[in-house]
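Tertiary structure, described
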Amino acid sequence: MKICLIGTGLIGGSIVLKLRDKGLVSYVAGVDKNNKNLQDALSIGIIDDACTLSEALDKTDLVILAIPVDAALALLPSLMNQITHHVVMDVGSTKAAICRAADNHPFRKRFVATHPMWGTEFNGPKAARSDSFTGKAAVICDKDGSDPDALDAVENLYRNLDMHIVYMQPEAHDLHTAYVSHVSHITSFALANTVLEKEKEDDKIFELASAGFESTVRLAKSNPEMWVPIFRQNKENVLDVLNEHISQLRKFKACLEKDNYEYLEELITQANRINQILK
């Protein structure tokens, strides 16, 4: 497998490292506007060469577009203009906008829209992990819009990452990820800001933070360069879930204001049902 990796950070780097561990990659050309990322990716062994896009396309067959969703949306048309036999896949957290951008392109069928449902709060090549992805879902959107051989290549890649594949339409993907991923990040950012606003002594936060607090605010370490574009592209769905989330918070607030601990217990018991789903 000869890969053109556009974006040498966490997701793209982790994909390559795991494929390398399995002996499935013979060459990787790295393309990244961040020169430090390129040098780190070279030193770690994620990529074999740092290239321009045209140089990388000349040497490879599979293109992995692993950059923030707004940058991917902007680059995709010109990228598709330059491909020949290549298969192009993206790994972005929003799918509707990029699928619309690809729809009218003459080479649309060489593009496969995907989202591997794995990540951490860290970024950059040094955050890449070869033990990633196992047991997680890989979403493929609008599969009928891709050539059979392109789809097959991407499906095989995800199976070799030890992921299971879920097929969805782009709009459904964006709705569901707003609920199970995007709102989690907003909640984490908001909680971190709440604590930073109310607790002025940094050492007390450090000394008293429990495992529960740490796990809840872990996502607040995530890169704004990645997440602001996600929220922008999925704005309507994120607003919908935020409205529901705020409604739920108001219920808890009202219970405490009115000393309604019976209803508070009902709310917590209802929330415990998530254990039946996420075991």
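Structure report, in brief.

Rules and cut-offs
- Residues numbered from 1 in each chain as written.
- Predicted model: local features only at pLDDT ≥ 70, side-chain atom pairs only at ≥ 80, totals over all residues.
- Heavy atoms only, no water.
- Helix = DSSP H or I, 4+ residues; strand = E, 2+ residues; numbered from the N terminus.
- Polar contact = N/O pair within 3.5 Å; in protein donor to acceptor, adjacent residues only side chain to side chain.
- Contact = heavy atoms within 4.5 Å.
- Pairing = 2+ DSSP bridges.
- Axes fitted to C-alpha atoms, helices over the stretch in contact; angles between N-to-C directions.
- Buried < 20%, exposed > 50% of the residue type's maximum accessible area, 1.4 Å probe, protein only.
- Right-handed = clockwise from strand over helix to strand, strands pointing away.
- Salt bridge = Lys/Arg side-chain N within 4 Å of Asp/Glu carboxyl O.
- Parallel < 35°, antiparallel > 145°, perpendicular 65-115°, else oblique.
- Left-handed = near helix turned anticlockwise from the far one by under 90°.
- Nonpolar A, V, L, I, M, F, W, Y, C, P; charged D, E, K, R; others polar.
- Expected span 1.5 Å × (residues − 1).

1. With respect to the side chain of His185
For His185, the position within the fold is in helix 7 (residues 170–198). A distance of 3.1 Å separates a polar side-chain atom of His185 from the backbone oxygen of Ser181. Apart from the residues within four sequence positions on either side, His185 is in contact with Leu219, Ser222, Trp227 and Phe231.

2. What about the sheet that holds strand 2 (residues 27–31)?
Sheet strands associate in pairs through backbone hydrogen bonding, adopting either a parallel or an antiparallel arrangement. Read from one edge of the open sheet, eight strands run 3-2-1-4-5-6-7-8, paired in mixed fashion. The sheet is open, and its two edges are formed by strand 3 (49–50) and strand 8 (164–168), each paired on a single side. Relative to strand 6 (residues 111–116), strand 5 (residues 87–90) runs parallel, the two being bridged by three bridges. Its bridge partner being in strand 6, Val88 is matched across the sheet by Phe111. Strand contacts of helix 4 (residues 69–82): strand 1 (2–6), strand 4 (62–65), strand 5 and strand 6, with the helix running at about 160° to strand 4, the strand carrying the most contacts.

3. Let's talk about the pairing of strand 2
Within strand 2, five of the five residues are buried, leaving the element largely enclosed by the surrounding structure. Of the two faces of strand 2, the one carrying Tyr27, Ala29 and Val31 and the one carrying Val28 and Gly30 are both buried. The sheet contact formed by strand 1 and strand 2 spans five bridges and is parallel. Looking at strand 2, one finds that Ile6 is bridged to Val31. On the question of chirality, the crossover connecting strand 1 to the parallel strand 2 by way of helix 1 (residues 10–21) is right-handed. The sheet contact formed by strand 2 and strand 3 spans two bridges and is parallel. Paired with Gly30 across the two strands is Ala50, which belongs to strand 3. The handedness of the strand 2 to strand 3 crossover, carried by helix 2 (residues 35–44), is right-handed.

4. Quick look at the pattern of salt bridges
Evaluated as defined, the whole model comprises 13 salt bridges. One salt bridge in this structure joins Asp90 and Lys95, with 2.8 Å as the shortest N-O distance. Per residue, the accessibility class of Asp90 equals that of Lys95, and both read buried. In this structure, Arg108 engages Asp142 in a salt bridge whose closest nitrogen and oxygen atoms are separated by 3.1 Å. Of this pair, Arg108 sits in the loop between helix 5 (96–103) and strand 6 while Asp142 sits in the loop between strand 7 (137–141) and helix 6 (148–160), placing them 34 residues apart in sequence. Accessibility classification places Arg108 together with Asp142 in one group, the buried group. A single salt-bridge network, built from bridges that share partners, covers Lys18, Lys22 and Asp162.

5. Thoughts on the packing of helix 7 against helix 11 (residues 235–257)
Running from N to C, helix 7 and helix 11 point in directions that differ by 60°, and their axes come no closer than 9 Å. With respect to each other, helix 7 and helix 11 are oriented oblique. The element helix 7 and its partner helix 11 pack so that their crossing is right-handed. Only Asn237, Val238, Asp240, Val241, Leu242 and His245 of helix 11 make contact with helix 7, whose side of the interface consists of Asp174, Leu175, Ala178, Tyr179, His182, Val183, Ile186 and Thr187. Considering only residue class, the contact of helix 7 with helix 11 consists of eight nonpolar, four polar and two charged.

6. A look at helix 11
With 23 residues, helix 11 extends 32 Å between its outermost C-alpha atoms, agreeing within 8% with the 33 Å of an ideal straight helix rising 1.5 Å per residue. Among the residues making up helix 11, those that are buried are Val238, Val241 and Cys255. Buried residues along helix 11 sit against helix 7, helix 10 (224–233) and helix 12 (261–271).

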